[in-house]
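Reading the structure
If you want the building blocks of each chain, they are given just below.
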Protein chains: 4
Amino acid sequence: MIRAGIIGSTGYAGQELVRLLLMHKDVEIVWYGSHSYVDKSYSEVYGNMFNIVDAKCLDDNLDELSKKADVIFTATPQGYLAGVLNEDILSNSKVIDLSADFRLKNIDTYEKWYKIEHKAPQFIEEAVYGLCELNRESIKSARLIANPGCYTTTSILSLYPLVREHMIDVDSIIIDAKSGTSGAGRSAKVANLYCEVNESIKPYGVLTHRHTPEIAEQLGYAYKAAFIDANGTAELFTIGQKELSEGNPDSSALSLVFTPHLVPMNRGILATCYARLSDSFTYDDVRKAYDKYYKDEFFVRVLNKGVMPETRWVEGSNYFDVNFAVDEENERIVICGALDNVVKGAAGQAVQNMNILFGLPENEGLKMPPVFP
Amino acid sequence: MIRAGIIGSTGYAGQELVRLLLMHKDVEIVWYGSHSYVDKSYSEVYGNMFNIVDAKCLDDNLDELSKKADVIFTATPQGYLAGVLNEDILSNSKVIDLSADFRLKNIDTYEKWYKIEHKAPQFIEEAVYGLCELNRESIKSARLIANPGCYTTTSILSLYPLVREHMIDVDSIIIDAKSGTSGAGRSAKVANLYCEVNESIKPYGVLTHRHTPEIAEQLGYAYKAAFIDANGTAELFTIGQKELSEGNPDSSALSLVFTPHLVPMNRGILATCYARLSDSFTYDDVRKAYDKYYKDEFFVRVLNKGVMPETRWVEGSNYFDVNFAVDEENERIVICGALDNVVKGAAGQAVQNMNILFGLPENEGLKMPPVFP
Amino acid sequence: MIRAGIIGSTGYAGQELVRLLLMHKDVEIVWYGSHSYVDKSYSEVYGNMFNIVDAKCLDDNLDELSKKADVIFTATPQGYLAGVLNEDILSNSKVIDLSADFRLKNIDTYEKWYKIEHKAPQFIEEAVYGLCELNRESIKSARLIANPGCYTTTSILSLYPLVREHMIDVDSIIIDAKSGTSGAGRSAKVANLYCEVNESIKPYGVLTHRHTPEIAEQLGYAYKAAFIDANGTAELFTIGQKELSEGNPDSSALSLVFTPHLVPMNRGILATCYARLSDSFTYDDVRKAYDKYYKDEFFVRVLNKGVMPETRWVEGSNYFDVNFAVDEENERIVICGALDNVVKGAAGQAVQNMNILFGLPENEGLKMPPVFP
Amino acid sequence: MIRAGIIGSTGYAGQELVRLLLMHKDVEIVWYGSHSYVDKSYSEVYGNMFNIVDAKCLDDNLDELSKKADVIFTATPQGYLAGVLNEDILSNSKVIDLSADFRLKNIDTYEKWYKIEHKAPQFIEEAVYGLCELNRESIKSARLIANPGCYTTTSILSLYPLVREHMIDVDSIIIDAKSGTSGAGRSAKVANLYCEVNESIKPYGVLTHRHTPEIAEQLGYAYKAAFIDANGTAELFTIGQKELSEGNPDSSALSLVFTPHLVPMNRGILATCYARLSDSFTYDDVRKAYDKYYKDEFFVRVLNKGVMPETRWVEGSNYFDVNFAVDEENERIVICGALDNVVKGAAGQAVQNMNILFGLPENEGLKMPPVFP
């Protein structure tokens with residue numbers, strides 16, 4: 001049995017981790033961490049766990065936890081993990097971080113977008129970006145996983161084949177994303193009250209949302225990889241006007257527009273992505289690219305032609321659905337991707353990362369079909 | 001023009017008052033009070049009022065306000081008005097209180113249920129309970145109106161004709177009420193977050209909700225009134241086992257069960273009421289009683305036989321819909337009443353009270369049809 | 001592997017059966033029946049099953065199916081199963097019927113409430129009412145299970161201990177139930193459109209809902225059982241004014257009031273039940289009764305004192321949550337019970353019945369915690 | 001009093017017309033048309049109108065109606081009005097058509113997108129596109145108004161100043177629109193059932209939605225108008241590669257991407273629009289353009305810098321809210337516009353058109369503030 005500890009187990013992502021790990025046959029949860037509810041029974045905080053979880057919430061103590069757990073999940077605010085992480089912890093346990101602390105390779109980018117100092121830059125290099133479908137090999141041997149953001153996973157998986165195959169103009173990418181309200185977390189704010197969210201849709205963080213650089217960086221790697229494939233080197237690699245050197249990880253980040261919206265529903269993210277095709281590609285051409293990367297992926301479903309993703313079809317599951325429509329006349333493409341933000345966009349992907357880290361089948365404990373209605 | 005001031009204009013009921021008074025041709029709002037948002041532009045707090053209300057929020061100052069306003073609405077927490085009310089204020093302006101401070105005639109009952117000391121018992125006697133359809137005459141000459149609670153208005157109007165006509169066993173009344181979430185107010189609490197309320201229904205305050213004594217007292221008056229009608233005195237009046245004297249206002253309160261529930265919708269209250277008939281009455285017998293009291297009431301709609309109220313049909317309006325089904329075999333009755341909790345259950349009834357106080361047509365500014373969908 | 005067939009697999013209950021059976025390690029689905037979608041791919045009808053179910057919908061053919069399946073689930077309209085059931089089918093397979101065809105023992109009651117002729121009265125006697133917690137022993141050896149209705153399961157489990165122990169006046173029972181909209185089924189009706197249901201709550205079928213006689217009959221058995229316990233016979237058994245003989249199964253049915261309401265949410269039923277206590281019982285007295293019947297039940301959770309059920313805490317699971325508040329002064333009780341109408345109220349209980357029928361652990365495939373938010 | 005008749009008064013837009021006209025002091029509704037509910041009492045179809053509308057639904061008869069009404073609103077399926085309109089009708093009454101029959105000037109475009117033959121092409125030329133803020137002058141003297149679509153009004157008003165001022169590359173326009181479910185109409189379809197829409201967001205009609213050519217045509221006029229302003233003629237006018245002549249109204253249509261989405265809420269449309277700036281404009285530059293066209297418009301609210309539209313702030317009103325964010329570094333702009341699809345997107349704008357046609361203040365009967373929550 002893998003002994004798992006969760007720091008931040010009383011947020012929505014933390015609670016979903018609890019739910020998923022309870023159903024995982026190879027895992028035992030040894031630590032229900034919650035700074036806000038120390039000593040309170042977990043099932044008082046989450047009534048669904050009554051008679052299922054018989055544990056009290058423990059305060060955050062990563063050092064102690066690392067001695068008891070094989071894997072630690074941190075579903076914590078930005079800055080927490082970087083503030084406490086040390087070499088001992090990483091030698092004791094694997095750490096899967098659901099916050100943004102180790103997602104960006106460029107510390108300046110991190111500090112600029114998150115407006116906090118990064119307290120553990122020494123671990124940035126070794127942290128592996130845990131988007132399982134793309135980085136499976138590196139994850140296997142990692143000690144520290146930066147579990148991707150929910151918008152990020154949706155956006156990257158939606159666009160990856162097109163970017164990786166250089167089938168779109170990379171400076172034309174627009175991502176219009178819509179998220180359920182669980183993505184806003186469980187803290188008490190007027191803006192997230194029922195009556196404020198219900199019967200409304202709103203954009204937020206327009207041109208300033210923190211998931212933007214994460215998407216830009218990861219898609220940049222995909223773009224660059226194709227360049228290297230073709231040229232054997234990235235030396236002369238450029239994106240748009242920028243000249244890039246291999247040394248600067250950030251410099252390959254794409255320039256894109258990302259707009260998140262809040263939708264009156266609990267779960268689910270839909271990303272509607274727009275780009276100009278770099279050539280006169282047909283639906284079938286594009287389809288080939290998606291099949292190339294996704295046809296063997298358990299959790300990625302490229303839908304039948306003409307069927308667009310809807311968040312209801314992935315709810316409660318680790319699936320990511322994707323499809324697209326091509327405007328051949330104008331060489332434009334619309335790509336839609338959908339997932340459950342607390343599963344594939346957070347806790348489910350974290351479990352998937354754990355499975356890879358521990359040599360288990362990647363879908364162990366994650367095979368449940370989506371719940372509808 | 002009636003000059004109106006609102007203390008507590010940034011709660012949901014306060015904002016609805018603003019909306020209704022803006023549409024009222026005889027009223028000018030002279031004071032947007034809000035302790036929480038002093039000096040903030042009102043339309044920053046409520047974006048719907050952008051370009052419509054060009055005022056800043058003012059701090060609570062009832063004395064000053066009473067010099068500027070003909071009528072003051074207090075949509076404030078329990079205890080506020082009782083803490084500041086004085087004779088000067090009441091001689092300067094009419095006061096319509098949307099809190100519970102002056103709804104209960106028995107101070108002990110108030111202090112027991114609200115767990116706060118009543119700071120202005122000297123005004124309890126003169127305060128008129130502003131359920132317009134029942135107390136219209138007393139309202140006309142009042143200085144201080146205790147505007148009824150939302151659950152209370154729904155429950156009383158649903159049951160009044162049956163109680164007033166002694167057609168039901170008064171110790172058999174059960175009120176199962178369901179409310180939209182605006183009734184919970186606009187303060188930031190985890191329990192009222194979108195994801196906590198959405199996709200769920202829950203009972204709360206079972207056997208302990210504060211609107212219980214208010215319903216019990218008012219229905220008690222109705223019951224007693226019929227007794228007096230018949231006997232010319234209330235001297236020997238009893239309810240159940242209790243022997244009552246005229247002197248003690250509380251002693252005539254009924255004993256009933258009231259259970260509120262929280263429903264995932266913004267507005268609306270539905271009360272499903274149950275009672276045993278005191279004789280073998282038919283639907284038509286009961287109908288006659290409802291028509292007797294309600295057929296000339298603009299805001300009360302007794303629906304066609306077989307049609308039960310639904311909250312969607314009253315949303316945004318001051319209407320109260322009611323109907324019932326009779327189980328003749330078992331001499332039982334189910335009565336359903338519905339209204340919009342922030343209109344007829346709060347701000348709309350407050351405006352209706354204002355209209356009565358100032359000799360205007362009672363439905364002035366309140367004739368708008370319900371908004372659907 | 002148990003081979004399972006589903007007639008009516010494209011309704012909401014049918015689809016939930018598919019979901020649950022796919023996660024059940026001992027079951028293989030061999031027949032996706034759907035009269036409305038014959039030959040259509042199942043995953044075109046339910047997009048959540050894309051890449052998971054690779055089968056086409058088959059027309060209804062119970063005879064043929066019974067040769068291929070060990071168990072047949074019929075999630076069909078009233079009258080279907082009674083119209084086609086025969087001895088051969090029952091000797092080939094176990095049948096678990098999610099419709100009402102075999103729930104009522106009195107054929108007159110069935111025909112009166114459902115307004116259709118019963119075509120297979122010869123199987124009524126042997127059919128076992130599949131409320132697992134109450135009828136576990138009879139289920140084990142049954143061939144035909146009448147899987148209870150959703151409102152019924154909620155109501156009976158909420159009240160059973162009180163009725164079985166004669167702790168309440170059985171003619172005082174009032175059940176005010178609230179259901180999510182999946183209970184209304186998946187057929188296209190204006191009344192069930194999004195804009196008609198959203199932002200509203202309504203009562204329906206007041207005093208006439210079809211689940212009433214089912215609740216009345218089953219609670220009647222519980223009441224009668226206690227009488228037999230005490231007297232060794234039911235010969236002089238009466239309920240209220242009615243004198244009952246053992247021969248007439250219907251005659252022991254209670255007289256109660258049941259009011260269902262439609263709530264704007266997908267899943268979940270909450271029943272708020274009211275009764276007069278038959279003696280001056282305390283919370284602890286009542287608690288003992290609930291613990292007596294439920295403390296070893298995996299799926300029944302009697303909550304901690306003061307905590308009332310909320311549908312959000314059972315969603316997606318087979319749990320039934322219950323608790324109550326006692327008004328000692330007036331000898332009244334309010335009992336609240338909650339479950340997921342498509343799981344414990346339909347498909348989940350059907351699987352639980354299957355587990356009992358086939359000698360599996362009763363919670364096999366049903367242990368998943370509730371999904372929140 | 002203006003005598004108004006409504007054909008199609010039992011759809012959502014038709015009912016909203018009823019609600020608005022009932023509150024309009026200069027209008028009397030003389031005809032409640034409804035092909036589906038002939039002879040049924042209007043208030044049986046819409047319970048909100050109980051005791052308010054005392055009329056039965058009449059069958060569609062435009063000829064007869066035109067003799068009784070000063071203005072006819074047709075809230076009917078595509079093709080209806082074109083199938084029955086004639087010169088007599090237009091000489092008797094003004095006609096305001098809420099369908100798409102007379103919105104497109106190019107008959108081929110109409111027949112291609114709507115897949116029906118146009119039966120009254122002779123009236124296309126004279127029909128005035130009733131987007132009041134843009135075409136006020138032409139509306140005044142029109143006989144036939146083509147009331148714009150809901151997505152169209154949102155999209156055009158969001159982008160008009162930028163297009164009219166040539167501040168964006170017109171071939172870079174992407175409109176990602178999100179609509180409440182009332183836009184899908186009141187007909188019984190599985191896809192619009194509560195459980196199918198709730199807890200989900202989906203794109204639909206990707207690259208094929210019928211509002212696309214309407215937006216493209218109208219924005220094309222705006223673009224061309226600026227060209228004419230500058231050149232005194234449109235002779236050499238081109239958009240992208242297309243060379244255009246003045247004679248062909250369609251040829252000036254822009255090429256743009258429009259993606260509608262269905263959101264789980266009753267009312268509201270949000271359009272998030274993207275474009276490349278044609279020069280290095282700042283927020284203030286763009287602001288000047290919006291103020292130039294909108295600062296005197298009663299129903300258009302350009303929000304304060306940093307505040308983005310949310311549909312909750314316009315619900316129930318005729319307001320259109322708009323704002324934008326500028327990415328100066330990359331010369332890109334994101335524009336967000338919001339309105340209530342059944343008011344400014346349908347019935348409200350129809351009333352606004354009526355006001356203009358009859359010389360009333362344009363906002364008569366439309367001044368009510370948005371309803372929140």
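Residues numbered from 1 in each chain as written. Chains lettered and ligands numbered in written order. Predicted model: local features only at pLDDT ≥ 70, side-chain atom pairs only at ≥ 80, totals over all residues. Heavy atoms only, no water.

Okay, the overall build of chain A next. Within chain A one finds 12 helices and 15 strands. Here the C-alpha atoms of chain A give a radius of gyration of 20 Å, agreeing with the 21 Å that 2.2 N^0.38 yields for 373 residues. With respect to the three principal axes, the spread of C-alpha positions in chain A is 60 × 45 × 40 Å. The proportion of buried residues among the 373 residues of chain A is 66%. Within chain A, contacts between residues separated by at least 24 positions form 70% of all contacts whose residues are at least 6 apart in sequence. For chain A, the computed accessible surface area is about 12,300 Å², with 46% contributed by carbon and sulfur atoms. The distance from the centre of the 36 positive side-chain charges to the centre of the 51 negative ones in chain A is 3 Å. (Helix = DSSP H or I, 4+ residues; strand = E, 2+ residues; numbered from the N terminus. Rg over C-alpha atoms; globule rule 2.2 N^0.38 Å. Buried < 20%, exposed > 50% of the residue type's maximum accessible area, 1.4 Å probe, protein only. Contact = heavy atoms within 4.5 Å. Areas by Shrake-Rupley, 256 points an atom, 1.4 Å probe, with all protein chains shown as cover. Lys, Arg positive; Asp, Glu negative; His and termini not counted. Charge placed at Lys NZ, Arg CZ, Asp CG, Glu CD.)

This brings us to the relation of the copies chain D and chain C. Overlaying chain D on chain C yields an RMSD of 0.0 Å, the required transformation being a rotation through 180° with an accompanying axial translation of 0.0 Å. Look at the turn and shift together and you get a two-fold axis relating the two. (Least-squares fit on C-alpha atoms with pLDDT ≥ 70 in both.)

All names here are of chain D. Read from one edge of the open sheet, 7 strands run 8-11-7-12-15-14-13, paired in mixed fashion. Either end of the sheet is taken by a strand with one partner, and the two such strands are strand 8 (202-203) and strand 13 (300-302). Sheet analysis places strand 12 (residues 269-276) next to strand 15 (residues 332-339), joined by 8 bridges and oriented antiparallel. Opposite tyrosine 274, over in strand 15, you have valine 334 as the bridge partner. Each of strand 13, strand 14 (320-327) and strand 15 touches helix 11 (residues 283-294); the most contacted strand, strand 14, lies at about 160° to it. (Pairing = 2+ DSSP bridges. Axes fitted to C-alpha atoms, helices over the stretch in contact; angles between N-to-C directions.)

Let's shift gears to the interface of chain D and chain A. Across the boundary between the two partners, chain D contributes 44 residues, which contact 44 residues of chain A. Counting the surface lost from both chain D and chain A, the interface buries some 3,700 Å², and carbon and sulfur atoms represent 58% of this. The largest share of the area that chain D buries against chain A comes from Glu199, Ile201 and Tyr274 of chain D, three residues that together contribute 17% of it. With its nearest N and O atoms 2.5 Å apart, the salt bridge here joins glutamate 196 of chain D to arginine 312 of chain A. Across the contact surface, chain D and chain A share 26 residue pairs in polar contact (both at pLDDT 80 or more). Of all the secondary-structure elements, those providing two or more residues to the side of chain D that touches chain A are strand 7 (174-179), helix 9 (194-197), strand 8, strand 11 (257-262), strand 12, strand 14 and strand 15 of chain D. (Buried area = accessible area lost by both parts, 1.4 Å probe. Salt bridge = Lys/Arg side-chain N within 4 Å of Asp/Glu carboxyl O. Polar contact = N/O pair within 3.5 Å; in protein donor to acceptor, adjacent residues only side chain to side chain.)

Here the focus is the interface of chain D and chain C. Interface size is commonly expressed as the accessible area that is lost once the parts come together. Counting residues at the interface gives 19 residues for chain D, matched by 19 residues for chain C. Across the interface of chain D and chain C, roughly 1,700 Å² is buried in total on both sides, 58% from carbon and sulfur atoms. For the pair chain D and chain C, the interface holds 2 salt bridges. Where chain D touches chain C, the interface holds 12 residue pairs in polar contact (both at pLDDT 80 or more). Looking at which element gives the most residues to the side of chain D that touches chain C, the answer is helix 9 of chain D, with 4 residues.

Turning chain D through 180° and shifting it by 0.0 Å along the axis lays it on chain A, with an RMSD of 0.0 Å. Comparing interface residues between copies, 100% of those in chain D also sit at the interface in chain A, which points to an isologous, same-surface contact.

Residues and elements named next belong to chain C. The interhelical angle for the contact between helix 8 (residues 150-164) and helix 11 (residues 283-294), taken along N-to-C directions, is 110°, at an axis separation of 9 Å. Classified by the angle their axes make, helix 8 and helix 11 are roughly perpendicular. The chirality of how helix 8 crosses helix 11 is right-handed. Only Val286, Ala289, Tyr290, Tyr293 and Tyr294 of helix 11 make contact with helix 8, whose side of the interface consists of Ile156, Leu157, Ser158, Leu159, Tyr160, Pro161, Leu162 and Arg164. Taken together, the residues of the contact of helix 8 with helix 11 sort by class into 11 nonpolar, 1 polar and 1 charged. (Parallel < 35°, antiparallel > 145°, perpendicular 65-115°, else oblique. Left-handed = near helix turned anticlockwise from the far one by under 90°. Nonpolar A, V, L, I, M, F, W, Y, C, P; charged D, E, K, R; others polar.)

Within the structure shown, the criterion is met by 0 disulfides over all chains. As a non-bridged cysteine, cysteine 132 of chain A has cysteine 150 of chain A as the owner of its nearest cysteine sulfur, 15 Å distant. In this structure cysteine 273 of chain B is a free cysteine whose sulfur lies 7.3 Å from that of cysteine 336 of chain B, the closest cysteine sulfur available. (Disulfide = S-S within 2.5 Å.)

This part takes up the sheet that holds strand 8 (residues 202-203) of chain B. Residue and element names in this part refer to chain B. Ordered by their spatial adjacency, 7 strands build an open sheet running 8-11-7-12-15-14-13, and the pairing between neighbours is mixed. This sheet does not close on itself; its edge strands, each paired only once, are strand 8 and strand 13 (300-302). In this sheet, strand 12 (residues 269-276) lies alongside strand 7 (residues 174-179) in antiparallel orientation, the contact comprising 6 bridges. The residue of strand 12 that forms the bridge with serine 179 is isoleucine 269.

Turning our attention to unusual backbone geometry. Following phenylalanine 372 of chain C, the chain continues to proline 373 of chain C via a peptide bond in cis, the omega torsion being -5°. Relative to the helices and strands, proline 373 of chain C is located in the segment after helix 12 (343-357). A positive phi is found at histidine 166 of chain C, a non-glycine position, where the angle reads about 50°. Of note in this structure, leucine 207 of chain D is not a glycine but carries a positive phi near 70°.

Turning next to the pattern of salt bridges. Opposite charge on two side chains permits them to pair, given that their charged atoms come into close proximity. Within this structure, the stated rule accounts for 92 salt bridges over all chains. One salt bridge connects arginine 143 of chain A with glutamate 126 of chain A, and the closest N-O pair in it is separated by 2.7 Å. Here the residue arginine 143 of chain A occupies a position in the loop between helix 7 (132-140) and strand 6 (144-146), and glutamate 126 of chain A occupies one in the loop between helix 6 (107-114) and strand 5 (128-129), the gap between them amounting to 17 residues. You can call arginine 143 of chain A partly exposed: its relative accessible area is 23%. As a salt-bridge pair, arginine 103 of chain B and glutamate 214 of chain B come within 3.1 Å of each other at their nearest N and O atoms. One end of the pair, arginine 103 of chain B, is in the loop between strand 4 (94-97) and helix 6 (107-114); the other, glutamate 214 of chain B, is in helix 10 (residues 211-231), with 111 residues separating them in the sequence. Taken as a pair, arginine 103 of chain B and glutamate 214 of chain B share a single burial class, namely buried. What emerges from the salt-bridge pattern is a single network uniting Glu16, Arg19, Arg267 and Asp340 of chain A.

With that settled, consider the packing of aromatic side chains. The tally for this structure, following the rule as stated, stands at 62 aromatic pairs over all chains. Ring centres of phenylalanine 298 of chain C and phenylalanine 299 of chain C lie 5.0 Å apart, and the angle between their planes is 85°; on these two criteria the pair is classed as edge-to-face. For phenylalanine 298 of chain C, a relative accessible area of 37% gives the class partly exposed. A cation over a ring is seen here: arginine 186 of chain A above tyrosine 46 of chain A, with NZ or CZ 4.1 Å from the ring centre. (Phe/Tyr/Trp six-rings, centres within 6.5 Å; stacked < 30°, edge-to-face > 60°. Lys NZ or Arg CZ within 6 Å of the ring centre and 35° of its normal.)

Residue and element names in this part refer to chain B. Viewed as axis vectors pointing N to C, helix 7 (residues 132-140) and helix 12 (residues 343-357) meet at an angle of 35°, and their least axial separation amounts to 10 Å. In this structure, the crossing between helix 7 and helix 12 has a hand that is right-handed. Here Cys132, Glu133, Arg136, Ile139 and Lys140 of helix 7 lie close against helix 12, whose contacting residues are Lys344, Gln349, Gln352, Asn353, Ile356 and Leu357. Residues of the contact of helix 7 with helix 12, tallied by class, amount to 4 nonpolar, 3 polar and 4 charged.

Here the focus is helix 12 of chain B. Residues and elements named next belong to chain B. For helix 12, which comprises 15 residues, the first-to-last C-alpha distance of 18 Å sits more than 12% below the rise-based estimate of 21 Å (1.5 Å per residue). Within helix 12, 15 of the 15 residues are buried, leaving the element largely enclosed by the surrounding structure. Phi for glycine 359, located one or two positions after helix 12, is positive at around 70°. (Expected span 1.5 Å × (residues − 1).)

It is worth spelling out the environment of valine 170 of chain B at this point. All names here are of chain B. Relative to the elements of secondary structure, valine 170 occurs in the loop between helix 8 (150-164) and strand 7. Looking at valine 170, the relative accessible area reads 7%, which means it is buried. Taking C-alpha positions, valine 170 is 9.2 Å from leucine 277, a pair spaced 107 residues apart along the chain. If we ignore the near neighbours within four places in the chain, the residues touching valine 170 are Val163, Tyr223, Ile239, Leu254 and Ser255.

We now examine the pairing of strand 14 (residues 320-327) of chain B. Here is the key point about a regular strand: its side chains alternate between the two faces of the sheet. All names here are of chain B. In terms of burial, strand 14 is a largely internal element, 8 of the 8 residues being buried. Alternating positions in strand 14 separate into two faces, Phe320, Val322, Phe324 and Val326 on one and Asp321, Asn323, Ala325 and Asp327 on the other, with burial throughout. Pairing analysis gives 8 bridges linking strand 14 to strand 15 (residues 332-339), with the strands arranged antiparallel. By the bridge assignment, aspartate 327 is partnered in strand 15 with arginine 332.

The next subject is the confidence of the model for chain A. In this model, chain A carries an average pLDDT of 95, and 97% of its residues clear a pLDDT of 70 or more. Confidence estimates for the predicted assembly give a pTM of 0.97 and an ipTM of 0.96. (pLDDT = per-residue confidence, 0-100.)

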